[in-house]
Structure formats: structure tokens, C-alpha cells
2 protein chains.
Amino acid sequence: MNTAILHLIPNFLAEETLHVIPSYIQDIVKNISIFYVEEIKSARRFLKKIDKNINIDALTFHFLNEHEINDLHHAKQYFKDGKTIAYISEAGCAAVADPGAELVSLAHLFHVKVVPHVGPNSILLALMASGFNGQKFLFHGYLPNKQPALTHKIKEIEQHSLKENCTQIFIETPYRNNQVLSELIAHCHAHTKLCVASNLTSVNEKIISCTVAEWRKMDFNFHKIPSVFLLSVSN
Amino acid sequence: MNTAILHLIPNFLAEETLHVIPSYIQDIVKNISIFYVEEIKSARRFLKKIDKNINIDALTFHFLNEHEINDLHHAKQYFKDGKTIAYISEAGCAAVADPGAELVSLAHLFHVKVVPHVGPNSILLALMASGFNGQKFLFHGYLPNKQPALTHKIKEIEQHSLKENCTQIFIETPYRNNQVLSELIAHCHAHTKLCVASNLTSVNEKIISCTVAEWRKMDFNFHKIPSVFLLSVSN
């Protein structure tokens, strides 16, 4: 067995919410000097919160995101050399609704121990809080952002929820939240249930879960507010 | 707005792993005296770990599980009376792969604030650690336990993973783990990837993620070991 270790470190979802990161993770992070990160700014902020005396300049950072070509050649060398490294997500749990799976997959290829750590995840928190079926669920990532593909997809997932009693979960680019919610309200059946879980873990956390008929009577504004959408049709 | 609150409290996945519960949850739990629980034994164990001086006899417990008929009439009264109550899962995060959604749903019906708290969840930890696509995933709960339904389902989810690039996640009653893994290895394609994440968060945590061809060459024994199964076919 390779002696290298890959730690998967969660990041907080909202500013000033270090309390949601279990303290055992702080001890692990303090002993690591090589980090894969999605965005240097959020990783630095996270590390400074974990330990305000940390010497960021003494650490090594590698990028792991959709926009950079990354052949992971450094990671291969770290794994061969038996190093302990960590991947920190930009927000929430590493490698879920985020890039990073390739790094984890590479670790398994090199028989490196992968250690996932406990932390906040907006998808899971939203599912818990929705009141929808938590025994079968499907996370879609983003729905199509153009018509008629979006309407078609909305009808498809509504049917899937009905047929399989499966909770449908998806996200949207925050500046398009109101738009996708309007489309959902326009195209779903009145008795279909919709939940919007926004600003999770923050003091502004708001979770609204009710039928489309009730959403139609409501004023709402989720513009640029980090939100998770959930849809459920009980059969 | 109703002033009642429903807190969703995670429980640890393995014995002696209180460190995975963020400490802010301990403060919340100490101020609550009405609990919905799946199983009184695990709830008591959890509460004693949170606060060893807690007076369990002074607390009110209600059951929330598949085996008891529960019309939630107490909950309705608590919500009407503006009480703060909590739901503690038997293991992991409340209302995910567990009963409890009905209680959360009732809370929304009464316009009660629902607060989901951060904690360990075996599905999410397994997904992070698998190295499989975390941008689209489907949790099935349990697969059918009889033939030919099981083989049929295995082939169906393998196809779904290939077609949709969607990670398939499922669990099994722990004494049937070896059986379901044998069936997966027998019926999936050699290049299909399977991950078994077992004993998550404990000192015996073990995460194996490789192709079916590699599983075929391996000895394994997950009998009665809490495990999550994941399947992925990259297209």
C-alpha cells in the first residue's frame, strides 16, 4: 500500500460560518502543506480562518478547476513520493457538485488512501430540510439554460419524480435563480412540491417548501442568493 | 410565522466518533427537551456523548420509524404551541436514507422553521471518496433483494450511468453485502467502476474504488460491515 494520503477537506458555504466545520479537521489541515484548490482566494480565506497564524506563503497550491488545463502531473509525483496532500473545495464538500473527482480517481489508481471529511454540503442540507423523500433522490447539477430544452427537462424530471417517487435536486447560476423558479412554477403541476433552500448555514438561511399552487401566490426573490432547488411529486 | 423550530440533528456513523459532529450542535441539543428519534437506544447514547451530565429522564422522546404507526399528533401540538423540538437520526443525517421526511413536511405545513444541521452522512462521504462523477448522482436506497429483479436492476443502473454519466449509489442490509457485491461483479462489465466505502469515519474506514475486472481478482469480506456501494461507467 502506498503511504501517501489524500484528504478531502470541506469548506464553509457562507462567510463567518467556521462553526460548521468539525474541529478535528482543523488539526488535520494544520499539518498539511500541499493543497489542491479550486480558487486560491477562497482557500486562503478558509486556511486563515482555520489558523490565523498560518504562513500561507510556505504552502504549495495547485489549481483544480474547470477552466485550467491540469494534467495532475504534480499529484502523480506526490502520490509516488508518499506525500500527504489535501483538496479543499471552494464551498461545501470536496468533489460533490464540484470538480475534483479526477484527483480522487488518480489517488485510487495509485492505491493512495483517500480520506473524506465531514462538513457542510448544500445538497444534503437542502434534502434534509425539504421534507421530500430522502430514500431515493437524483442530483442533476444544472438544468439546461435555454428553451425549449429547459421546459422539456422540467417536465421530464417531474414525471421521473412521480414514477419513481424520487426527489429531484438541482442548482442554478445564482443570477438566474428567479428565472428558473418562474419556469418551474409555470410548467409544473399545481400539486407538485417545490423547495428552495437558500443561504444555507448562514444567519440568512431560508427554506421554503410547498406546492407549486402556493408558490404561484407568493412573492419571491432569490436573485444572486446561493440556492438549491428540489422538486417532488408524491405518488 | 409560527415561532416553533424543528432542528434536524445528525448522529455519528460509528461508535466513539463524536469528533465528526460540529460542536455548535452540542450547544443546540443541550437546550432542547423534546426529541423525535428512530431508536431510543442510539438517541440516548448520542445525547450522553454530547453531554455526560444530561438528565435523560427529564426529556420527552417520540418514535419516528417505519415500524410504528405514528400520526404525529404530538408534533402538531408542539408546532401549534410554538415549541422547539429536534429530530435525531439513528446514524448520519436526519431524514436522508432514513424515515423523518413526514415530520419535516408537517413542519412546513405549519410554517415552522426547519433547521438542518451539518454532520456525517455515509452517502455523501462515499461519493466524495469514490472518485466518481459528483456533478450528477442518483441514490437508490436498497436494490431489489430477489432474483431476477436484482440482476435486472444492476443492468438498468449500469446503463443509466453510461447514458447519463450519472454515479449510482445504493446500500444493502449489512449481512447481505457480500452477496450484492458478488452479483455486481458477476453482472457488470469488466470496465465498470465499483466503489465500496465501509466503516466510514471510524478507525476501520476502508474505501476501495476500482474496475469490476480488478474486483474479480480480489478477496473481499464486507459481511455485516456498514457499507455504501457506488457504480460508475464513464462515457
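Numbers given for residues are sequential positions, taken from 1 along each chain in its written order. Following the order in which they are written, the chains are lettered starting with A and the ligands numbered starting with 1. Per-residue local features are limited, in this predicted model, to residues with pLDDT of at least 70; the limit for side-chain atom pairs, both in listing and counting, is 80 or more; totals at the level of whole chains, interfaces and linings are taken over all residues. In computing side-chain values, all of the structure's heavy atoms are included and hydrogens and water are not.

As for the domain arrangement of chain A
Residues and elements named next belong to chain A. Short version of the rule: All the domain ranges listed were derived from an automatic or database domain assignment. Working rule for contacts: check all heavy atoms of both residues, and any pair within 4.5 Å makes them a contact. In short, buried area is how much 1.4 Å probe accessible area vanishes from two parts on joining, totalled over both.
Taken domain by domain, chain A holds domain 1 (5–116) and domain 2 (122–232). For domain 1 versus domain 2, the separation of C-alpha centres amounts to 30 Å. Each partner contributes residues to the interface: domain 1 has seven residues there, and domain 2 has seven residues. Among the residues domain 1 hides against domain 2, the three largest losses belong to Leu13, Ala14 and Ala97. Together they make up 69% of the total.

Let's talk about the pairing of strand E4 (residues 84–88) of chain A
All names here are of chain A. What counts here: Only protein chains enter the accessibility calculation, which uses a 1.4 Å probe; a residue is then buried when its area is under 20% of its type maximum, exposed when over 50%, and partly exposed in between. Numbering of helices and strands runs from the N terminus; a helix is a DSSP stretch of H or I covering at least four residues, while a strand is a stretch of E covering at least two. Should DSSP find at least two bridges between two strands, the strands are regarded as paired.
The element E4 is largely enclosed, with a buried count of four among its five residues. Sheet topology note: the strand E1 (residues 5–9)/E4 ladder contains five bridges and is parallel. The residue bridging Ile9 from the neighbouring strand is Ile88, located in E4.

Some words on the pattern of salt bridges
All names here are of chain B. Heads up, the condition is: A carboxyl oxygen of Asp or Glu within 4 Å of a side-chain nitrogen of Lys or Arg is what we treat as a salt bridge.
Here the structure, examined in full by the defined rule, presents ten salt bridges over all chains. A salt bridge links Lys153 to Glu156, with the shortest nitrogen-to-oxygen separation between them at 3.2 Å. Highlighted residues: Lys153 and Glu156, both in helix H6 (residues 149–164), separated by three residues, approximately one helical turn. Residue classification places Glu156 among the partly exposed residues on the basis of a relative accessible area of 39%.

Some remarks on helix H4 (residues 101–109) of chain A
Among the residues of H4(A), those classed as buried are A:Ala101, A:Leu103, A:Val104, A:Leu106, A:Ala107 and A:His108. Among the residues trailing H4(A), A:His111 stands out with phi positive, at a value near 55°.

Considering the environment of B:Ser161
Residue and element names in this part refer to chain B. Summarising the element assignment, Ser161 is placed in helix H6. Relative accessible area serves as the criterion here: at 1%, Ser161 is assigned to the buried category. Beyond its immediate chain neighbours, meaning those up to four positions away, Ser161 contacts Cys166, Gln168, Leu231, Ser232 and Val233.

Comments concerning the packing of aromatic side chains
The description of an aromatic ring pair uses the distance of the two centres, along with the angle that the planes make with each other. Applicable threshold: Side-chain rings of Phe, Tyr and Trp, where Trp is taken by its six-membered ring, are said to pair if the distance between their centres is within 6.5 Å; with planes under 30 degrees apart they count as stacked, over 60 as edge-to-face, and otherwise as tilted.
Counted by the stated rule, this structure contains 16 aromatic pairs over all chains. Plain terms: the ring middles of A:Phe12 and A:Phe46 are 5.7 Å apart, the flat faces sit at 50° to each other, and that makes the pair tilted. Within this pair, whereas A:Phe12 is found in the loop between E1 and helix H1 (23–30), its partner A:Phe46 is found in helix H2 (residues 40–50), the two being separated by 34 residues in sequence. Each ring, one from A:Phe137 and one from B:Phe139, has its centre 5.2 Å from the other, and the planes form 35°; the classification is tilted. Here the residue A:Phe137 occupies a position in strand E6 (residues 137–142), and B:Phe139 occupies one in strand E6 (residues 137–142), the pair thus bridging two chains. Residue A:Phe137 shares its accessibility class with B:Phe139, and that shared class is buried. One aromatic cluster is present, formed by A:Trp215, A:Phe220 and A:Phe222 through successive ring pairs.

A word on the interface of chain A and chain B
Applied cut-off: Here a polar contact means two N or O atoms within 3.5 Å. Within protein one must be a hydrogen donor candidate and the other an acceptor candidate, and residues neighboring in sequence count only if both atoms are side-chain atoms.
In this assembly, 50 residues from chain A lie in contact with 50 residues from chain B. Taken over both partners, the interface formed by chain A and chain B buries close to 3900 Å², and the fraction arising from carbon and sulfur atoms is 64%. Looking at the side of chain A facing chain B, the largest losses of area belong to A:Met128, A:Gln135 and A:Phe137, adding up to 17% of the total buried there. On inspection of chain A and its partner chain B, the count reaches zero salt bridges. Inspection of the chain A/chain B interface yields four residue pairs in polar contact (both at pLDDT 80 or more). Among the secondary structure elements, those contributing two or more residues to the side of chain A that touches chain B are H4, strand E5 (113–116), helix H5 (122–130), E6 and strand E9 (206–211) of chain A. Broken down by element, the side of chain A that touches chain B gets its largest block of residues, seven residues, from H5(A).

Some remarks on the state of the cysteines
Our working definition: By convention in this document, the label disulfide applies to cysteine sulfur atom pairs within 2.5 Å.
Per the counting criterion, the structure on display carries zero disulfides over all chains. Unpaired in this structure, B:Cys93 has its nearest cysteine sulfur neighbour in A:Cys93, at a distance of 9.4 Å. Left without a disulfide partner, B:Cys166 is nearest to the cysteine sulfur of A:Cys166, which lies 9.2 Å away. A relative accessible area of 1% places B:Cys166 in the buried class.

Quick notes on the sheet that holds strand E9 (residues 206–211) of chain B
Rule in force here: Angles shown run from 0 to 180 degrees and are taken between the N-to-C directions of axes, each axis being a line fitted to C-alpha atoms and, for helices, limited to the stretch in contact.
One open sheet accounts for ten strands, arranged E9(A)-E8(A)-E10(A)-E7(A)-E6(A)-E6(B)-E7(B)-E10(B)-E8(B)-E9(B); its pairing is mixed. Both outer strands of the open sheet, E9 of chain A together with E9 of chain B, are each paired with one neighbouring strand and no more. Across the sheet, the mean angle separating the axes of adjacent strands is 15° when strand polarity is ignored. Bridging between strand E8 (residues 193–198) of chain B and E9(B) involves six bridges; their strand directions are antiparallel. Residue pairing in the sheet places B:Cys195 in a bridge with B:Ser209 of E9(B). Packed on one face of the sheet, helix H7 (residues 177–187) of chain B meets strand E7 (167–171), E8 and strand E10 (227–232) of chain B and runs near 10° to E10(B).

Side note on the packing of helix H6 (residues 149–164) of chain A against helix H7 (residues 177–187) of chain A
Residue and element names in this part refer to chain A. Spelled out, the test is: Our angle categories are set so that under 35 degrees counts as roughly parallel, over 145 as roughly antiparallel, 65 to 115 as roughly perpendicular, and the remainder as oblique. If you view the pair so one helix is near and one far, a crossing is left-handed when the near helix is turned anticlockwise from the far one by less than a right angle, and right-handed when it is turned clockwise. Any residue outside Ala, Val, Leu, Ile, Met, Phe, Trp, Tyr, Cys, Pro, Asp, Glu, Lys and Arg is labelled polar, Gly included; the first ten of those are nonpolar and the last four are charged.
Here H6 crosses H7 at 60°, and the two axes come no closer than 10 Å. With respect to H7, the element H6 is oriented oblique. Between H6 and H7 the crossing geometry is right-handed. Contact residues: H6 offers Leu150, Thr151, Ile154, Lys155 and Glu158, while H7 offers Val180, Glu183, Leu184 and His187. Considered class by class, the residues forming the contact of H6 with H7 number four nonpolar, two polar and three charged.

Section: the relation of the copies chain A and chain B
What counts is decided by this rule: Copy-to-copy alignment: least squares on C-alpha atoms, limited to residues at pLDDT 70 or above in both.
Once turned by 180° and shifted 0.0 Å along the axis, chain A lies on chain B with an RMSD of 0.0 Å. Here the copies are linked by what is in effect a two-fold axis. Looking at the interface residues of chain A, 100% of them are also at the interface in chain B, so both copies use one shared face.

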